[in-house]
Amino acid sequence: MADTSQVRTRIARRSNGAIEKGSVGNLLDRLKPQIARALPGSAAVTAERFTRIALTEFRRNPKLLDCTEQSLLGGLLLSAQLGLEIGGPLGQSWLIPFRDIKTGTSEAIWILGYKGIIALAYRSGELASIEARDVCEGDDFSYRYGLD
């Protein structure tokens, strides 16, 4: 796993469609005002915390460094707009690098985690409780709609 300083400098050396201007740290510093504006007022996460979490995610998954700036910014801002953290122990949303074989570039795809769905559902104020449970192949389970 690369340390933060390696991540900050490593991205500056890429020229294959990945982020070319500055480092991840500089990118996140440039993005911080937009993140602050995008975060909902009710979000528990601040722009400072959000950028630290994003930097940790880049360090945890170095393949994100190969992704285009546009795809990374889009995923980060979408997560900020929803007030959801990227990766980490909360697992509310994820940035996953996918390689496009036709174009030869990598794109960061934003994926909403089930914990993010639960967080958004609670924030809506439309429900009192929600449960998420694993269902594996061969399990017997049943469900029913209603309040009981």
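See the structure printed just above.
Each chain carries its own residue numbering, running from 1 in the direction its sequence is written. Where totals are concerned, whole chains, interfaces and linings use all residues; where local detail is concerned, this predicted model gives features only for residues with pLDDT of at least 70, and gives and counts side-chain atom pairs only at 80 or more. Hydrogens are left out, water is left out, and the side-chain values use all remaining heavy atoms of the structure.

1. Some words on helix α4 (residues 69-82)
To be explicit about the condition: The helix and strand labels rest on DSSP assignments: H or I over at least four residues marks a helix, E over at least two residues marks a strand, and numbering proceeds from the N terminus. A helix is expected to span 1.5 Å multiplied by its residue count minus one. Summary of the burial criterion: residues with accessible area below 20% of their type's maximum are buried, those above 50% are exposed, and those between are partly exposed, where the area comes from a 1.4 Å probe applied to protein chains only. What makes two residues a contact is simply this: any of their non-hydrogen atoms within 4.5 Å.
Between its terminal C-alpha atoms α4 stretches 20 Å, which fits the 20 Å expected from 14 residues at 1.5 Å a residue. Burial in α4 covers these residues: E69, S71, L72, G75, L76, S79 and A80. Against the buried residues of α4 lie α2 (24-38), α3 (47-60), β1 (93-100) and β2 (105-112). Immediately beyond the C-terminal end of α4, within one or two residues, lies G83, with a positive phi of roughly 70 degrees.

2. Quick notes on the environment of L31
Looking at where L31 falls in the secondary structure, it is placed in helix α2. When its relative accessible area of 3% is taken as the criterion, L31 is described as buried. For the pair L31 and L73, spaced 42 residues apart in sequence, the C-alpha to C-alpha distance is 8.1 Å. Sequence-distant contacts of L31, defined by excluding residues within four places in its chain, comprise L73, L76 and L77.

3. Details of the pairing of β2
Cut-off, in case you're wondering: Between any two strands, pairing holds if DSSP finds at least two bridges.
Direction of pairing for β1 relative to β2: antiparallel, over a ladder of eight bridges. Directly across from W94, in β2, lies its bridge partner I111. Once β1 ends, the chain turns through four residues before running back antiparallel as β2, passing G104 with a positive phi of about 80 degrees.

4. A closer look at the packing of α3 against α4
Filter applied, for reference: The angle between two axes is taken between their N-to-C directions and runs from 0 to 180 degrees, where each axis is a line fitted to C-alpha atoms and a helix contributes only its stretch in contact. When an angle is under 35 degrees it counts as roughly parallel; over 145 it counts as roughly antiparallel; between 65 and 115 it counts as roughly perpendicular; any other value is oblique. The handedness criterion is simple: a crossing whose near helix is rotated anticlockwise from the far helix by less than a right angle is left-handed, and one whose near helix is rotated clockwise is right-handed. We call Asp, Glu, Lys and Arg charged. Ala, Val, Leu, Ile, Met, Phe, Trp, Tyr, Cys and Pro are nonpolar, and the rest, Gly among them, are polar.
Their axes nearest at 12 Å, the elements α3 and α4 cross at an angle of 135 degrees. The orientation of α3 with respect to α4, classified from their angle, is oblique. Of the two possible hands of crossing, α3 and α4 adopt the one that is right-handed. On the side of α3, the interface is formed by F50, A54 and F58, while α4 contributes L72, L76, S79 and A80. Taken together, the residues that form the contact of α3 with α4 break down as six nonpolar, one polar and no charged.

Taken by themselves, the reported measurements are silent on function.
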